[in-house]
Amino acid sequence: ALQNLSSSNPEASFGCLLPYARADGLDLNDAANPPALLSALRTLRCLVDRVSGDALGAALPSLMSLFRGTVCHRSVDVRKATVFVLVELHFVLGDGLDLDGLSDCH
C-alpha cells in the first residue's frame, strides 16, 4: 500500500510527509510507538529512491535532526524504521549522506 501511495507522485507525497517527520516534542523514553512518526518513517523509506536528489538534499538537515533522536528511541519499531530510512538514503546519496551526529554504535 505504501508503494502504491508513493508511486503516483513521489515529490508531492514527500513534501506532504515532511511535516510529520520532525523531532519536535519527541519523547525518547516513551515506549509506545508514536503512530504518525512511525508511519512517516516507514513511508519515507519507500519514497527515498523515487524523490530527486535536490529534494532530498533540501530536506536532509531536518531529517538528520529527526534521525539523531529516533535512532535512540525506546521503541524498537521506531529505531528499526529509522535505520531502514538511513540505509535507503545511503543507497541514493552515497557518500553525500553526512552521518555526523550519529555515533559508531548507532
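Reading guide: rules and limits
- Residues numbered from 1 in each chain as written.
- Predicted model: local features only at pLDDT ≥ 70, side-chain atom pairs only at ≥ 80, totals over all residues.
- Heavy atoms only, no water.
- Core = buried A, V, L, I, M, F, W, Y, C linked by side-chain atoms within 4.5 Å.
- Buried < 20%, exposed > 50% of the residue type's maximum accessible area, 1.4 Å probe, protein only.
- Helix = DSSP H or I, 4+ residues; strand = E, 2+ residues; numbered from the N terminus.
- Arc of directions from axis to C-beta.
- pLDDT = per-residue confidence, 0-100.
- Patch = residues over 30% accessible without salt bridge, like charges linked within 9 Å, V, L, I, M, F, W, Y side chains within 5 Å.
- Areas by Shrake-Rupley, 256 points an atom, 1.4 Å probe, with all protein chains shown as cover.
- Salt bridge = Lys/Arg side-chain N within 4 Å of Asp/Glu carboxyl O.
- Expected span 1.5 Å × (residues − 1).
- Axes fitted to C-alpha atoms, helices over the stretch in contact; angles between N-to-C directions.
- Parallel < 35°, antiparallel > 145°, perpendicular 65-115°, else oblique.
- Left-handed = near helix turned anticlockwise from the far one by under 90°.
- Contact = heavy atoms within 4.5 Å.

## Some remarks on the nonpolar core
Formed by 25 residues in total, the largest nonpolar core has its most connected members in Phe14, Leu41, Leu44, Leu63, Phe67 and Leu89. For this core, the leading source of residues is helix H4 (residues 53–70), giving eight residues.

## Side note on the environment of Asp49
Relative to the helices and strands, Asp49 resides in the loop between helix H3 (35–47) and H4. As for Asp49 and Phe91, which are separated by 42 residues in sequence, their C-alpha atoms are 8.1 Å apart.

## Observations concerning helix H2 (residues 10–17)
The complete set of buried residues in H2 reads Pro10, Ser13, Phe14 and Leu17. Along H2, the residues classed as buried sweep out an arc of 100° about the axis, all on the same side.

## Let's talk about the confidence of the model for the protein
Summarising the model, the protein shows a mean pLDDT of 81, and 80% of its residues fall at 70 or more. When pLDDT is averaged over each helix and strand of the protein, the minimum, 62, is found for helix H1 (residues 2–8) and the maximum, 91, for helix H5 (residues 76–93).

## Notes on a nonpolar patch on the surface
A cluster of nonpolar side chains, namely Val83, Phe84, Val87, Phe91 and Val92, defines an oily patch on the protein surface of about 440 Å² accessible area. Considering the arrangement of structural elements, one finds Val87 in helix H5.

## Overview of H3
Counted at 1.5 Å a residue, the expected span for H3 with its 13 residues is 18 Å, and the 18 Å between its end C-alpha atoms agrees. Considered for burial, the residues of H3 that qualify are Leu37, Leu38, Ala40, Leu41, Thr43, Leu44, Cys46 and Leu47.

## Thoughts on the packing of H3 against H4
At a minimum axis separation of 13 Å, H3 and H4 run at an interaxial angle of 120°. In this view, H3 runs oblique relative to H4, as classed from their interaxial angle. Handedness of the H3/H4 crossing: left-handed. When H3 is examined against H4, the residues Leu37, Leu41 and Leu44 are found in contact with a partner set consisting of Leu63, Leu66, Phe67 and Thr70.

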